[in-house]
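Residue strings, one per chain:
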Amino acid sequence: MERVAKFLKEAETYYLATVDGDQPRVRPFGTVNVFEGKLYIQTGKVKDVSKQIHANPKVELCAFKSGEWLRVAGKLIEDDRREARQAMLDAYPNLRAMYSEDDGNTEVFYLKDATATFSSFTKEPEVVKF
Ligand SMILES: Cc1cc2nc3c(=O)[nH]c(=O)nc-3n(C[C@H](O)[C@H](O)[C@H](O)COP(=O)(O)O)c2cc1C
């Protein structure tokens, strides 16, 4: 899992796909935080992406860096504890311009039952589950 978090941080941007009825949706994301041994992402409840995750927590994300790409499929579980939100905002202080722990909008999710696949054109894929 640490390897996945490191890759996503170094890639800086990953693309998070959700399910919206029978329509896939995808958008750029950047937040990644390891808290209590789990990999968290952050969004805002007002966003469509949040509504889609609450309706169907199955997601996949993809990032590319230095000839290697990573896909992670799994479920996103909301952690509604203030300390989980705080850990995320402490990791991304710039987000505090738009978000705070107690604004009723900020939310964090951790990945559960995740399968991460590291791929490149030159090696066999490597699969990590967490
Ligand atoms: C590089 C980059 C990183 C981003 N990271 C995040 C993020 O971590 N969380 C988030 O909620 N939005 C992030 N955004 C903004 C979302 O992509 C944007 O709000 C998007 O429209 C949300 O998807 P939706 O319209 O389906 O709700 C980021 C945008 C960019 C360009």
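Residues numbered from 1 in each chain as written. Predicted model: local features only at pLDDT ≥ 70, side-chain atom pairs only at ≥ 80, totals over all residues.

Close to the ligand lie 13 residues, the nearest being Gly30, Thr31, Thr43, Lys47 and Asp48. Split into classes, the residues belonging to the shell around the ligand amount to 3 nonpolar, 6 polar and 4 charged. (Near = placed C-beta within 6 Å. Nonpolar A, V, L, I, M, F, W, Y, C, P; charged D, E, K, R; others polar.)

The next point concerns unusual backbone geometry. Unlike most non-glycine residues, glutamate 12 shows phi in positive territory, near 75°. Tracing the sequence through the fold places glutamate 12 in the loop between helix 1 (2-11) and strand 1 (14-20). Classification of glutamate 12 by C-beta neighbours within 10 Å gives exposed; the count is 11. Despite not being glycine, aspartate 113 shows a phi value in the positive range, around 50°. With respect to the helices and strands, the residue aspartate 113 is situated in strand 7 (residues 106-120). Aspartate 113 gets classed as exposed once you count the C-beta atoms within 10 Å, which come to 12. (Helix = DSSP H or I, 4+ residues; strand = E, 2+ residues; numbered from the N terminus. Buried ≥ 20, exposed ≤ 12 C-beta atoms within 10 Å, placed from the backbone.)

So, about the nonpolar core. Judged by nonpolar contacts, the single largest core of 25 residues is most densely connected at Val4, Tyr40, Val72 and Phe109. Contributing elements (two or more residues each) for this core: helix 1, strand 1, strand 4 (38-44), helix 2 (48-55), strand 5 (58-65), strand 6 (68-79), helix 3 (82-91) and strand 7. Considering every element that reaches this core, the biggest residue donor is strand 7, with 6 residues. Excluding residues within four positions of it along the chain, tyrosine 40 makes contact with Asn33, Phe35, Ala84, Met88, Val108, Phe109 and Tyr110. (Core = buried A, V, L, I, M, F, W, Y, C linked by C-beta atoms within 7 Å. Contact = placed C-beta atoms within 7 Å.)

On the secondary structure map, glutamine 86 appears in helix 3. Separated by 15 residues in sequence, glutamine 86 and arginine 71 have C-alpha atoms that sit 27 Å apart.

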